[in-house]
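These are the residues of each chain, in order.
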Amino acid sequence: MMGSYVVLDLETTGLDYKLDRILEIGAVRLVDGAVAGEFQALVNPEVPLRDENVAFHGITPELVAGAPTIAEVLPEFLAFLGDDPAVAHNALFDMNFLTHHARAALGVTLTNAAIDTHELAKEVFPREKALSLERLLELFGAPPRPLHRALEDARALAEVFPALKAAFDERREYQRAQFNRIQHVAMRYRELGRLIDLMQGEFKELRKTLEVYFAESGAEQIPIPGGDVLRRLHHESYEFHPDELRAVLAELGILDHVQRIDREKVDRWVKGDRLSESEKAALLQTRRFLGHRLVMSWERRRIEVSRQEVEG
């Protein structure tokens, strides 16, 4: 990966860039794919910190009490950033904070290009539902590490950014290679759009008929000629109480290692072997049952043939 980029991350007092403050800036400069420098600074926000934010990133009032203000930190950081593109996961969040505070504190307007690795990841991994930084590390085989501090997050993102950008560029090259048949692509796109609209309507009607059949007949499956089976599965629908869950994760020593808590991640902990049974039970205590939802699943019947029958 040729060129110079600054991979950055911020910790803040909240989510609103106009009302909240920057607590920490972490950044890593990549030159031709190799680390060429780092920047880290805590920032005194000059406002009280909320408990939920402290629980998220672990930056306490004591840590920032003697830190410089944003007006003192930003000139040094902007000198580090220079004219390089800024790379961040969910870059709009970080760039909004930097742009707003640079203008408010210094009267400076940022003009750096911004690269959002979350958007790149959605192109490279279109089937992934949740592309957190933690998940991105997993997808590229990078070792897990404590996150939620600015420099550590920036280091983690800098580690996988060259591979992510290479995969994104490769996908773009494939798409550009289709330009010589762009009329065919446009026609096929139109045809598929019409077909999808027709199929979605029919699919919804067929699914509703099957749901009514399962509900009124009491059947658990429908055998299909040729060996397939359409099964009715009952999946529980639930959610985790966020405050109770965070308290349990903090007690288990996991909260500091989690960038974003979602239900799928907690489900993996409950079903995996990372935690003890008592720790899993503590997590399940924070779960709220919402009901059941119907899921239909295709399965191929297993036909077992003995060796004697094959030889015969």
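A. Fine view of the overall build of the protein chain. Broken down by element type, the protein chain carries 12 helices and 8 strands. For 312 residues, the compact-globule estimate of 2.2 N^0.38 gives 20 Å, and the C-alpha radius of gyration of the protein chain, at 26 Å, exceeds that figure by more than 25%. In terms of principal-axis extent, the alpha carbons of the protein chain reach across some 80 × 60 × 45 Å. A burial count over the protein chain gives 37% of its 312 residues as buried. Expressed as a percentage of contacts within the protein chain between residues at least 6 apart in sequence, the contacts between residues at least 24 apart total 67%.

B. Region of interest: helix α3 (residues 70–81). When the terminal C-alpha atoms of α3 are compared, their 15 Å separation across 12 residues agrees well with the 16 Å that a helix rising 1.5 Å per residue should span. I70, V73, L74, F77, L78, F80 and L81 are the residues of α3 that are buried. All buried residues of α3 project into a common sector of 150 degrees when viewed along the axis, lining one side. Exposed residues lying more than 90 degrees from the buried face of α3 are E72, E76 and A79. Tucked into the core, α3 has its buried residues touching β1 (4–12), β2 (22–31), β3 (34–42), β4 (86–88) and α4 (91–106).

C. Expanded view of a nonpolar patch on the surface. A surface patch of nonpolar side chains, about 340 Å² in accessible area, is lined by L192, L195, I196 and M199. Counting through the fold element by element, M199 comes out in helix α8 (residues 182–217).

D. Quick look at the sheet that holds β4. Taken together, 5 strands build an open sheet; the order of strands is β3-β2-β1-β4-β5 and the sheet is mixed. The open sheet has two free edges, formed respectively by β3 and β5 (114–116), since each of these has just one partner strand. The sheet shows a mean angle of 25 degrees between the axes of neighbouring strands, direction not considered. By the bridge criterion, 3 bridges tie β4 to β5 in an arrangement that is parallel. Following the sheet pairing, A88 is matched in β5 by D116. In the packing of α4 onto the sheet, the strands contacted are β1, β2, β4 and β5, and the crossing angle to β1 comes to about 80 degrees.

What counts and how
Residues numbered from 1 in each chain as written. Predicted model: local features only at pLDDT ≥ 70, side-chain atom pairs only at ≥ 80, totals over all residues. Heavy atoms only, no water. Helix = DSSP H or I, 4+ residues; strand = E, 2+ residues; numbered from the N terminus. Rg over C-alpha atoms; globule rule 2.2 N^0.38 Å. Buried < 20%, exposed > 50% of the residue type's maximum accessible area, 1.4 Å probe, protein only. Contact = heavy atoms within 4.5 Å. Expected span 1.5 Å × (residues − 1). Arc of directions from axis to C-beta. Patch = residues over 30% accessible without salt bridge, like charges linked within 9 Å, V, L, I, M, F, W, Y side chains within 5 Å. Areas by Shrake-Rupley, 256 points an atom, 1.4 Å probe, with all protein chains shown as cover. Salt bridge = Lys/Arg side-chain N within 4 Å of Asp/Glu carboxyl O. Pairing = 2+ DSSP bridges. Axes fitted to C-alpha atoms, helices over the stretch in contact; angles between N-to-C directions.

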